[in-house]
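Fold and geometry: a report
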Amino acid sequence: MVFLNLKGVFHIDSFNWVLLWVSSFRESKSDDRRFYIFTATKTLHLRTESKKDRVIWIQALASSRSLFPLRILNDNLPFVPNDLSVSTQKLEKRLLEEGISDAVVKDCEQIILSEFSEMQGQLKVLLEQRSCLIDTLREFEAANIEIEANGIHNGEYQLMKHDFSTECSGKYSECATTESSDDVEKQDLDDGSDVDESFFYDTNESFTEFTLGYGSVKGAFDSSDTLKVRDSRQDNAEKMHDEQIENFVHSNVQRRKKLPDPVEKEKRVSLWSMIKDNVGKDLARVCLPVYFNEPISSLQKCCEDMEYSHLLDQAYEHGIQGNNLLRVLKVASFAVSGYASSEGRHCKPFNPLLGETYEADFPEKGIRFFSEKVSHHPTVIACHCVGRGWKFWGESNLRSKFWGRSIQLDPVGVLNLEFDDGERFQWSKVTTNIYNLILGKVYCDHHGTMHIRGNREYSCTLKFKEPSILDRNPHQVHGFIEDGNGRKVATLFGKWDEGMYYVEGESNGNPNRSSSSDVSMLWKSEKPPPNLTRYNLTSFAITLNELTADLKERLPPTDSRLRPDQRHLENGEYEKANAEKQRLERRQRISRKLQDNGWKPRWFHREGEDTDEAYKYMGGYWEARKERKWDGCLDVFGELNENLVGDSGS
């Protein structure tokens, strides 16, 4: 027997290195606090403070071993070359073309080289760790060869694959060990009185916290105090390890903080000249100058709902832990948070062209979002997003009316949210109005009732209060959670531009006046960015239309970032933006014939023949992006030959 001194916090990356030495492990049958860890040469006897602590240890060992299986490596495996280098010639050329001074160009070069040098140092550390790993595994291989020569079955030193269950910890004892269960137990009893030979060690302070060095690994550990093992098959271990490395690579993704400085001085337009012929018309059919637009499309506007996607991450975790009430409360706060970015936003997004798409890959948020304009008349946008333990999809069809002094937007469509454990929620958005287009301060508000329907225990109803002239407390949202029997189990309140709170049970009075000890915060909006423009974009919205050289090479020709009028508007090239907007709107009128002739979306399809059926994502976009194969994608921003439209099929 050997002594294992475990002191302080046991970090996850250190724990994984220890696992390289572990062949198997087993619980004691005679003592519910003891367990054994077997290596190729030693047996470690450990004792925890309680039975619950032993379960945590065993679960962690099983989960981590499934993530990092023992396998033979060799020096020929590709990893990271030692001679990585970076060139700033293209950057220098591009900046000089834009008229940037030499001093600023050299500062930019130094920043890039400094960041690259730091990353190169990190890669060298990884290379050294890889070399150590290979040496360690070779020692194991040599030990296994010697064992086989002595007539011992090589499977006896490998941890066997089993289905682990959190409901029955006894299944962990089925792992193969260096000795039979009876032999170990017998040895345990025989050596129990021999203090010189057998040691059991207190693990009270040895396994109290896990620190993730490369970002969290999905399915490995919960963020709660109690670890929960999830089913981790060995054939998925390599994929999950790759995701862990990818999270590390993207953990320091830099997003832009502001829009480009405008090239031209913006010219205001006469509102009165536009009102006369357009009152009461569908705003989607009104040809407005680019002055009324903000530099994002409606496809990107849909992605703004994902700004507070961490609320869904939290909802997923609460449900896994059995707190279904807090899950639906987090879902309700997410549904409200989608309106927070509309405060101070007076311009309309660009109406996408038929077949236009938008992707958003945010590894630091753990989401991948994709949307496509699937119908021109009526205008329908379909979207699909995958997050940590959940997926979100839906479609949006805005019916807009221009009333001279105000704009009314009535959303049509259902939003769907489904967690990996099968729980699902559906809701529709409420009406939005933009007021005082002619006189006074322009502002927007939302009003109506939102019903969040769940397929299990809870549902939610939220009331967005309609504004009034004498209202001194606008933007109010009130609601409640109901169980399956119609009983109100929680009350929600707050503002769609500030945050949401809740109290348990039904609040008969004003929930804002409830005792502070009873009120819990669900969500709070982020502060506005320091570099505000007249568009009043949030920090998240500012990143949506960012286009880097590397990203441009990966995008399909249909992505909104490549739309010329929108790009010119963002750069402050207003004359070019107006000219391109008029050209694309003429093209849009031609492309409408494509839909009439049987055109179908590239990435979404309608389930069923009924026109009321929703569009669902077919899959394949991210795979095509990886291979950069965009077969079947139209050049939606180029010129369209009207004579060819009639020959186009589906």
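Being a predicted model, the structure only gives us computed values, none of them experimental. (Residues numbered from 1 in each chain as written. Predicted model: local features only at pLDDT ≥ 70, side-chain atom pairs only at ≥ 80, totals over all residues. Heavy atoms only, no water.)

Attention shifts here to the confidence of the model for the protein. For the protein, per-residue confidence averages 75 on the pLDDT scale, and 67% of positions sit at 70 or higher. Every residue in residues 1-17 is under pLDDT 50, and counting partners more than four places away or in other chains gives 48 contacts. Confidence drops under pLDDT 50 across residues 70-79; counting only partners more than four residues distant or on other chains, this segment forms 20 contacts. (pLDDT = per-residue confidence, 0-100. Contact = heavy atoms within 4.5 Å.)

What follows concerns a nonpolar patch on the surface. A cluster of nonpolar residues, Val86, Ile112 and Leu113, forms a patch on the protein surface that exposes about 190 Å² of accessible area. Along the chain, Leu113 falls in helix α4 (residues 102-149). Since its relative accessible area comes to 35%, Leu113 is described here as partly exposed. (Patch = residues over 30% accessible without salt bridge, like charges linked within 9 Å, V, L, I, M, F, W, Y side chains within 5 Å. Areas by Shrake-Rupley, 256 points an atom, 1.4 Å probe, with all protein chains shown as cover. Salt bridge = Lys/Arg side-chain N within 4 Å of Asp/Glu carboxyl O. Helix = DSSP H or I, 4+ residues; strand = E, 2+ residues; numbered from the N terminus. Buried < 20%, exposed > 50% of the residue type's maximum accessible area, 1.4 Å probe, protein only.)

What follows concerns the nonpolar core. Core analysis: the biggest nonpolar cluster contains 54 residues, and Phe392, Trp427, Ile452, Leu462, Ile481 and Leu492 have the highest contact counts within it. Element by element, the count of residues in this core is highest for helix α10 (residues 324-337), at 9 residues. Beyond its immediate sequence surroundings of up to four residues, Ile481 is in contact with Leu325, Val328, Leu329, Tyr458, Ser459, Cys460, Arg487, Lys488, Val489, Ala490 and Leu492. (Core = buried A, V, L, I, M, F, W, Y, C linked by side-chain atoms within 4.5 Å.)

A side chain with one charge may pair with a side chain of the opposite charge, provided their charged atoms come close. Evaluated as defined, the whole model comprises 26 salt bridges. Between Lys301 and Glu304 there is a salt bridge; the shortest N-O distance is 3.7 Å. A relative accessible area of 26% places Lys301 in the partly exposed class. Shared partners join several salt bridges into a network, and the residues in it are Glu294, Lys301, Glu304 and Arg345.

The element helix α9 (residues 310-320) is extensively covered by neighbouring structure, given that 8 of its 11 residues are classed as buried. Of all the positions in α9, only Leu311, Leu312, Asp313, Ala315, Tyr316, Glu317, His318 and Gly319 are classed as buried. The secondary structure elements touched by the buried residues of α9 are α10, β10 (390-402), β12 (415-419) and β20 (520-524). In the stretch just after α9, Gly322 is the one whose phi turns positive, near 90 degrees.

Spanning 14 residues, α10 covers 20 Å between terminal C-alpha atoms, matching the ideal 20 Å at 1.5 Å per step. Most of α10 is tucked away, with 13 of its 14 residues classed as buried. (Expected span 1.5 Å × (residues − 1).)

Let's shift gears to the side chain of Lys330. Mapped onto the fold, Lys330 is located in helix α10. Despite being buried, Lys330 has no salt bridge partner; Asp313 is the closest side chain of opposite charge, sitting 11 Å away. If near-sequence neighbours (up to four positions away) are discounted, Lys330 is found in contact with Leu311, Gln314, Ala315, His318 and Leu522. (Lys, Arg positive; Asp, Glu negative; His and termini not counted.)

Attention shifts here to the packing of α9 against α10. The geometry of α9 relative to α10 is characterised by a closest axis approach of 7 Å and an angle of 170 degrees between their N-to-C directions. The angle between α9 and α10 falls in the class roughly antiparallel. Only Asn324, Leu326, Arg327, Lys330, Val331, Ser333, Phe334 and Ser337 of α10 make contact with α9, whose side of the interface consists of Leu311, Leu312, Gln314, Ala315, Tyr316, His318, Gly319 and Ile320. When grouped by side-chain class, the residues that make up the contact of α9 with α10 number 8 nonpolar, 6 polar and 2 charged. (Axes fitted to C-alpha atoms, helices over the stretch in contact; angles between N-to-C directions. Parallel < 35°, antiparallel > 145°, perpendicular 65-115°, else oblique. Nonpolar A, V, L, I, M, F, W, Y, C, P; charged D, E, K, R; others polar.)

Turning to the packing of aromatic side chains, a few remarks are in order. As enumerated under the stated definition, the model contains 20 aromatic pairs in all. Members of the aromatic cluster, joined through ring pairs, are Phe370, Trp603, Phe604, Tyr617, Tyr621, Trp622 and Trp630. Looking at Arg368, its charged tip hangs above the ring of Trp622, at a distance of 4.4 Å from the centre. Positioned above the aromatic ring of Tyr339, the side-chain terminus of Lys429 is 5.4 Å from the ring centre. (Phe/Tyr/Trp six-rings, centres within 6.5 Å; stacked < 30°, edge-to-face > 60°. Lys NZ or Arg CZ within 6 Å of the ring centre and 35° of its normal.)

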